[in-house]
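Tertiary structure, described
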Amino acid sequence: MTDTPLIPRSVLFGPPDRVAPQLSPDGAQLIYLAPHRGAPNVWLRSVDRADDRPLTADTGRGVLGAVWAYDGAHVLYLQDTAGDEAYHLFAVSVRTGRVRDLTPYPGVRTEVVALEPGAPHEVLVSVGDRDPAWPDAYRLDLRTGQRVLAARNEGFGATTGTWLADTRLRVRGALRALPDGGGELLVRDDEQAPWRRRYAWEPDDDWTTAPISFTPDGTGIWLLTSVGTDTSRLALLDVATGAVRTVHADDRHDIGAFLAHPRTKQIRLLTYDRERCENVVLDQEIAAAVALLDSAARRLGAGELVVTGTDADDRRWLAEAVRDDGPGTYLLLDRDRGEVRELFPDRAALAGYALVPLRPIAVPARDGLTLPGYLAAPHGMPAGPLPTVLSVHGGPWARESWGMNPEAQWLANRGYLWVTVNFRGSRGYGKRFLGAGDRQWGAAMQDDLLDTVDWLVAQGWADPGRVAVMGASYGGYAALCGAAFTPGRFRCAVDVCGPTDLRTLLASLPPWWESLASMWRRRIGDPRTDADRLWRRSPLSRAADIRCPLLVVQGANDPRVPMAESDQLVAALRRHRVPHEYVVLPGEGHGFFAPDTELAVRGRIERFLAEHLGGRYEPAAPPTEAAPPQAVGAQ
């Protein structure tokens, strides 16, 4: 292992070379994200020649994502201020580079709802300037910047999934969360007609049921639904009768992604996120195209093929050939010519280092549930047990997947066994698996993590005296629970923006999550009736029991897990003389996104793990890696 060169943090966690390409509506150009002026920005190039040029010039956190407008003249992106998640929608002219703020409302959150080829000069947005908890839907004219009310929020919801537009961007569908945690889909014939209920689901179906789109004639709605089944299935809903016809289903996994024709809305390809992503072709008209891309991906040594998008007429496609032990490569398919061309890798420098495979595992939980997960081991893994880092994903209603995982490569390269597990409550495995995590924060969900460590020890892979637990958001909470509830099980813990008191967390949800409050109370607990249990499941309640060193990282502007959550824990750690480091990031919100901050925090974590687990450490910070903006002590 000592002969394996260190992979610089800047290679793994610096801005990618080029990532997230998207084709223009006419298929002649594409945009992608790449570094410019020290941060990720939008770049533009022609498909058939290398005339790349930056389109934006943000020097702070950078641009986190962008999308073409169907007029082909504008690129749209959302931007907040220092992580406050009060996003504004910006449009940049492809011809002139002029940038306009289309929603210049201070402190107001905007989300993009839909773009359609049938309304190329417009974008449907959700804007909370009237009421941040119940934002309304507007059509914005990209030429004039004027907006027209498309639907007033009548207690529906506050997420992009609240509204469903037809192919002309008329809002004809709305989702409403019900008090018991279930939901209903309302429809109307036009924007002046009254709403009527057309479909409903129980609380257990909330994460596995959602409409996708109207059919072009408006008589049907493509739908993902788990009503009557365990996993989400693709179905077509008849708007007039409410009848539902199942198109495709898998009895073990939810549908992970889909590819629809941009104009006909026909769902042509499904992706299931099993041990690896697997594609299912529904429309034989595209079978040859998928086969061409599959063949090209295999030649590159890829383990997965992900089709990422098409032009407006479905003649050119973009896809990514995904590897776990090397850079991903973006592919361009010209369906008329029957040709696939390699565009560029996402992180070319990775090809110069010894990377390790990401191995799928299945961990038996103490109650018989099987927990899927992944691990990465150092090159030349010794016969004896290794220092181990248990990485816990956030959400908790998310999941870990196979592919290039910078954190796994980083920690395996430093000499650790890296492992992550999709504990109960994770998405993708059906509603029973997800529901098994209900009201189990700090309980059965935490037991799944302990069972994973025990299983690794039993295999002879993990050194039980040198195990760290780390994560962000829910993962940070779980790391703190590991330190507080099971003293002695972990050598050290890393918490990034993790809740510390479930009562105060649930009392401080951002306003745009108001419509989700019933779901949070049902799946976590209701502070009004269950305060004692929530307190017992809070790491703050057992801060005096913590014995292992902690590294606590917190964004000062975090609207989801406010800084007060970390402050109250750190105050308790100081009272009880628990060894800890507290790092506050003034320019960040929920997590860290600015490139320099990302590198600085990763360096801090690496040094912390090396001190307590004995792994390798890259001592010299790269030129772009500065110290965290504000480090609040080490005790």
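Scroll up for the structure.
Residues numbered from 1 in each chain as written. Predicted model: local features only at pLDDT ≥ 70, side-chain atom pairs only at ≥ 80, totals over all residues. Heavy atoms only, no water.

Description of the nonpolar core
Heads up, the rule is: By convention a nonpolar core is built from buried Ala, Val, Leu, Ile, Met, Phe, Trp, Tyr and Cys residues, the set being connected through side-chain atoms within 4.5 Å. Type-normalised accessible area, obtained with a 1.4 Å probe on protein chains alone, sets the label of each residue: buried when under 20%, exposed when over 50%, and partly exposed for intermediate values. A run of DSSP states H or I qualifies as a helix once it reaches four residues; a run of E qualifies as a strand once it reaches two. Both are numbered from the N-terminal end. Contact definition: two residues touch when any of their heavy atoms are within 4.5 Å.
Formed by 63 residues in total, the largest nonpolar core has its most connected members in W441 and L550. If one sorts the elements of this core by residue count, helix α6 (residues 474-485) sits on top with nine residues. Residues in contact with L550, not counting those within four places in the same chain, are L480, A483, A493, L573, P579, H580, E581 and F608. Counting residues in each nonpolar core, the second largest holds 37 residues, with C492, V496, C497 and F608 among its members.

Thoughts on unusual backbone geometry
For the bond from G395 to P396, the omega torsion is 0°, close enough to zero to count as cis. Relative to the helices and strands, P396 resides in the loop between β30 (386-392) and α3 (406-413). Not every positive phi belongs to a glycine, and R37 is a case in point at roughly 55°.

Here we look at the environment of Y353
Within the fold, Y353 resides in the loop between β27 (339-345) and β28 (359-364). For Y353, a relative accessible area of 28% corresponds to the partly exposed category. Leaving out residues up to four positions away in the same chain, Y353 has contacts with L6, I7, P8 and V11.

Re the pattern of salt bridges
What counts, and what does not: Note on definitions: salt bridges are taken to be side-chain nitrogens of Lys or Arg within 4 Å of carboxyl oxygens of Asp or Glu.
This model, assessed by the stated rule, comprises 57 salt bridges. Note that R139 and E191 form a salt bridge whose closest N and O atoms lie 2.6 Å from each other. Of this pair, R139 sits in strand β11 (residues 136-141) while E191 sits in the loop between β15 (183-187) and β16 (196-201), placing them 52 residues apart in sequence. Judged by its relative accessible area of 13%, R139 falls in the buried class. Judged by its relative accessible area of 18%, E191 is buried.

Observations regarding the packing of helix α5 (residues 444-458) against α6
Worth spelling out the cut-off: Each axis is a line fitted through C-alpha atoms, and for a helix only the stretch in contact is used; angles between axes span 0 to 180 degrees, taken between their N-to-C directions. In this scheme, roughly parallel covers angles under 35 degrees and roughly antiparallel covers those over 145, while 65 to 115 is roughly perpendicular and the rest are oblique.
Where α5 contacts α6, the axes come no closer than 11 Å and their chain directions differ by 75°. Regarding the angle of α5 to α6, the classification is roughly perpendicular. Residues M445, Q446 and L449 of α5 form the contact with α6, whose own contacting residues are Y474, A478, C481 and G482.

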